[in-house]
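Per-entry structural report
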Amino acid sequence: MDIVAVTLLAGAVVGYFVLAGCDVGLGMLMPFVARTEAERRRVVRAAAPYFLGTEVWLVGTIGVVAGLFPALKTEVVTGMWPVFTALLAGWLLRDAGLWFRGRWASAAGRGACDVGITAGSWTLAVALGLAVAGLLADGALLSPFALACAATVAALFALRGAAFGAERLVPHEAPAPVPAAVGAGAAAAAPAPRSDAAESADAAARATRPLARAALVGALLTAGAALLPGGAALDRPLLAAALAVPLVAVLAATSGLSGPGLARHTSAAAMALVPLLVAASVALPVAAVPASTSALFWLAVGPAVPVMAVGQVALYRTLRRPAPAGGFFG
């Protein structure tokens, strides 16, 4: 049953990294891809309501840890409480900015929300990187390995957001007005010009290669720092190396070998490999769970997992389209 529980936990974290990487990474890049008010509104509409669905996996991860891994909660979460406190603060700050930006009429209020979105997204990404580093380094958070690992994970989040923004920030097309004297056939043939420039989407697309290169350099530095004293404390180093190789490969592909057109797929693969590497290379502290607690957990969670998976796939496919022109968040 331990392997099933570990698989469920790893799957929940993979789901969060791959899906939430889109909106968290886009929030990190907001100052670089959105220079005008219209572009900033488009970024908010692109991230929302996507972030509401992807946070299901973070909540699910917390539930799995609380229900099936009480020792992990005690030894890791409690041992790295500053990291998880920062993670919670970044999560709340980012979400507050997304929720309230459209409610402010003043430029100052919207600017404060923009700062919250960007700062919260960076805090969330770096905190998750430090959490990964802490798991791989037996709780050490101030070593060269931990800092390199946190920087690499943050770069992966930004890369994922850039790939997402290249699709999601493309403006909607509006039909051109047709004079009344023009026939229906001509109206059907009339072109549909863009309602606004696609500079935000272009900026996100241009960012994929440098971000992939930054993540690739970070991954190589992290691998080197893992061999230093006080570096990674791995229980299964060969499995870690086996998963690090494809991570480097997909980043190399995105950094120029295949071009940014594949960034949507390669960034997702890179994000998925990070939690898998942790799950495969570190023996998570597992304590016996009472049979009644385990049975109640699986009865409650088991039927929900396939529904969550199908719903998230549908959400991702739907929200790859350009962000809407208006709505509650914009």
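With that settled, the discussion passes to the overall build of the protein chain. Tallying secondary structure elements over the protein chain gives 14 helices and zero strands in all. Ordered by position from N to C terminus, the α and β elements of the protein chain give α-α-α-α-α-α-α-α-α-α-α-α-α-α. For the protein chain, the share of sequence-separated contacts (at least 6 apart) that also reach a separation of at least 24 residues comes to 83%. As presented, the protein chain carries roughly 15,000 Å² of accessible surface, and 73% of it is formed by carbon and sulfur atoms.

For the rest of this paragraph, the subject is the confidence of the model for the protein chain. Of all residues in the protein chain, 83% attain a pLDDT of 70 or more, and the chain-wide mean is 81. Counted against residues more than four places away or in other chains, residues 174-196, with its pLDDT under 50, gives 20 contacts.

For the rest of this paragraph, the subject is the pattern of salt bridges. Scanning the entire structure with this criterion turns up ten salt bridges. Across the pair Arg41 and Glu37 runs a salt bridge, and its minimum N-O distance is 3.5 Å. Placement of both Arg41 and Glu37 in helix H3 (residues 37-47) is noted, with a separation of four residues, approximately one turn of the helix. On the basis of relative accessible area, Glu37 is assigned to the partly exposed category, the value being 23%. Taking the shortest distance from any N to any O, the salt bridge between Arg110 and Glu37 comes out at 3.2 Å.

Let's shift gears to the nonpolar core. In this structure, Tyr16, Phe17, Val24, Val33, Leu136, Phe157 and Leu251 are the most contacted members of the largest nonpolar core, which totals 89 residues. Considering every element that reaches this core, the biggest residue donor is helix H1 (residues 2-28), with 14 residues. For Phe157, the residues in contact, after removing those within four places along its chain, are Phe17, Gly21, Val24, Gly25, Met28, Ala125, Leu128 and Met271.

A separate point is helix H10 (residues 199-226). Between its first and last C-alpha atoms H10 spans 40 Å; for 28 residues at 1.5 Å apiece the expected length is 40 Å, and the two agree. Along H10, the sharpest change in direction is near 35° and occurs at Thr208; proline Pro210 comes one to four residues later.

Okay, the environment of Thr266 next. When you line up the elements, Thr266 lands in helix H12 (residues 263-281). Separated by 13 residues in the primary sequence, Thr266 and Ala253 have C-alpha atoms spaced 7.7 Å apart. Ignoring anything within four residues of it in the chain, the contact list for Thr266 reads Val250 and Thr254.

Turning our eyes to something else, we now look at helix H6 (residues 81-100). Between its terminal C-alpha atoms H6 stretches 28 Å, which fits the 28 Å expected from 20 residues at 1.5 Å a residue. Of the residues making up H6, those classed as buried are Val83, Leu87, Gly90, Trp91, Arg94, Asp95, Gly97 and Leu98. Along the axis of H6, the buried positions cluster into a sector of 155°, meaning they face one direction only. Residues of H6 that are exposed and point more than 90 degrees away from the buried face comprise Trp81 and Leu92. The inward-facing, buried residues of H6 contact H1, H3, helix H4 (50-68) and helix H7 (107-136).

Packing of helix H8 (residues 144-168) against H10 leaves a shortest axis separation of 7 Å and a crossing angle of 160°. One element, H8, and the other, H10, form an angle in the roughly antiparallel class. In this structure, H8 crosses over H10, and the sense of that crossing is left-handed. In the contact of H8 with H10, the residues fall into 22 nonpolar, five polar and no charged.

Running from N to C, H8 and H12 point in directions that differ by 150°, and their axes come no closer than 9 Å. Considered as vectors, H8 and H12 are oriented roughly antiparallel to each other. Judged by the sense of rotation from one axis to the other, the crossing of H8 with H12 is left-handed. Between H8 and H12, the residues in contact are Val153, Leu156, Phe157, Leu159, Arg160, Ala163 and Glu167 and Ala263, Arg264, Ser267, Ala268, Ala270, Met271 and Val274, respectively. Among the residues forming the contact of H8 with H12, the class breakdown is ten nonpolar, one polar and three charged.

Evaluated as defined, the whole model comprises two aromatic pairs. Look at Tyr16 and Phe17: their rings are 6.5 Å apart centre to centre, the planes differ by 75°, and that puts the pair in the edge-to-face class. A residue is classified by how much of its surface remains accessible, and Tyr16, at 3% relative accessible area, is buried. Under the relative-accessibility criterion, Phe17 is labelled buried at 4%.

What counts as what
Residues numbered from 1 in each chain as written. Predicted model: local features only at pLDDT ≥ 70, side-chain atom pairs only at ≥ 80, totals over all residues. Heavy atoms only, no water. Helix = DSSP H or I, 4+ residues; strand = E, 2+ residues; numbered from the N terminus. Contact = heavy atoms within 4.5 Å. Areas by Shrake-Rupley, 256 points an atom, 1.4 Å probe, with all protein chains shown as cover. pLDDT = per-residue confidence, 0-100. Salt bridge = Lys/Arg side-chain N within 4 Å of Asp/Glu carboxyl O. Buried < 20%, exposed > 50% of the residue type's maximum accessible area, 1.4 Å probe, protein only. Core = buried A, V, L, I, M, F, W, Y, C linked by side-chain atoms within 4.5 Å. Expected span 1.5 Å × (residues − 1). Bend = angle between axes of the 7 residues up to and from the residue. Arc of directions from axis to C-beta. Axes fitted to C-alpha atoms, helices over the stretch in contact; angles between N-to-C directions. Parallel < 35°, antiparallel > 145°, perpendicular 65-115°, else oblique. Left-handed = near helix turned anticlockwise from the far one by under 90°. Nonpolar A, V, L, I, M, F, W, Y, C, P; charged D, E, K, R; others polar. Phe/Tyr/Trp six-rings, centres within 6.5 Å; stacked < 30°, edge-to-face > 60°.

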